[in-house]
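Topology and contacts: notes
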Amino acid sequence: MARTCPSCGSRDIAKIVYGMPDPSVMEAAERGEVVIGGCCVTVDENGDWAMPDQRCRECGKDFARPRRGRPALT
Ligand SMILES: [Zn+2]
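Residues numbered from 1 in each chain as written. Predicted model: local features only at pLDDT ≥ 70, side-chain atom pairs only at ≥ 80, totals over all residues.

**Topic: the overall build of the chain**
Helices and strands together make up the secondary structure of the chain, namely one helix and four strands. Listing every helix and strand of the chain by position from the N terminus yields β-α-β-β-β. Per-residue burial over the chain gives 8% buried out of 74 residues. The contacts in the chain between residues at least 6 apart in sequence include a share of 44% that link residues at least 24 apart. (Helix = DSSP H or I, 4+ residues; strand = E, 2+ residues; numbered from the N terminus. Buried ≥ 20, exposed ≤ 12 C-beta atoms within 10 Å, placed from the backbone. Contact = placed C-beta atoms within 7 Å.)

As structure tokens, this is what we get:
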């Protein structure tokens, strides 16, 4: 699915991964395909995910796709 940056419109988007990264995630992060977001996540008052999970590799903007539900940690 094509994603675009809401700031600059770039399609060069990396996924931000939360939780303990496994080795394959670490390798992807070294290639710049994903961003390690750490293991601390925030949910809003409804218990919905409140963290950005996409990062523009063009301008560095973090943003989130609309999503509901509690974060699924790896
Ligand atoms: Zn951007």
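**Observations regarding the pairing of strand E1 (residues 13-18)**
Direction of pairing for E1 relative to strand E3 (residues 54-56): antiparallel, over a ladder of three bridges. The partner of alanine 14 across the bridge, within E3, is arginine 55. Note that E1 and strand E2 (residues 34-38) share four bridges and pair parallel. Across the sheet, the residue bridging to isoleucine 16 is valine 35, located in E2. (Pairing = 2+ DSSP bridges.)

**Describing the confidence of the model for the chain**
Caution is warranted with low-pLDDT regions, since their predicted coordinates should not be read in detail. With 85% of its residues at a pLDDT of 70 or more, the chain shows a mean pLDDT of 86. Helix H1 (residues 23-30) holds the highest mean pLDDT among the elements of the chain, 95, whereas E2 holds the lowest, 91. (pLDDT = per-residue confidence, 0-100.)

**Let's talk about the sheet that holds E1**
Spatial strand order, E2-E1-E3-E4: four strands in an open sheet with mixed pairing. Pairing within the sheet leaves two strands with one partner each, and these edge strands are E2 and strand E4 (62-63). Here H1 sits on the sheet and contacts E1 and E2; the angle it forms with E2, its principal contact strand, is near 120 degrees. (Axes fitted to C-alpha atoms, helices over the stretch in contact; angles between N-to-C directions.)

**Section: the environment of lysine 15**
You can see lysine 15 is positioned in strand E1. According to the C-beta neighbour criterion, lysine 15 is partly exposed, with 16 such atoms within 10 Å. A C-alpha to C-alpha distance of 6.0 Å links lysine 15 and valine 35, two positions 20 residues apart in sequence. For lysine 15, the residues in contact, after removing those within four places along its chain, are Val34, Asp53 and Gln54.

**As for the environment of isoleucine 36**
Residue position: isoleucine 36 is located in strand E2. The class for isoleucine 36 is partly exposed, based on 15 C-beta atoms found within 10 Å. Each C-alpha atom, one on isoleucine 36 and one on methionine 26, is 7.9 Å from the other, the two residues being 10 residues apart in sequence. Residues within four places of isoleucine 36 in sequence aside, it is in contact with Val17, Pro21 and Ala29.

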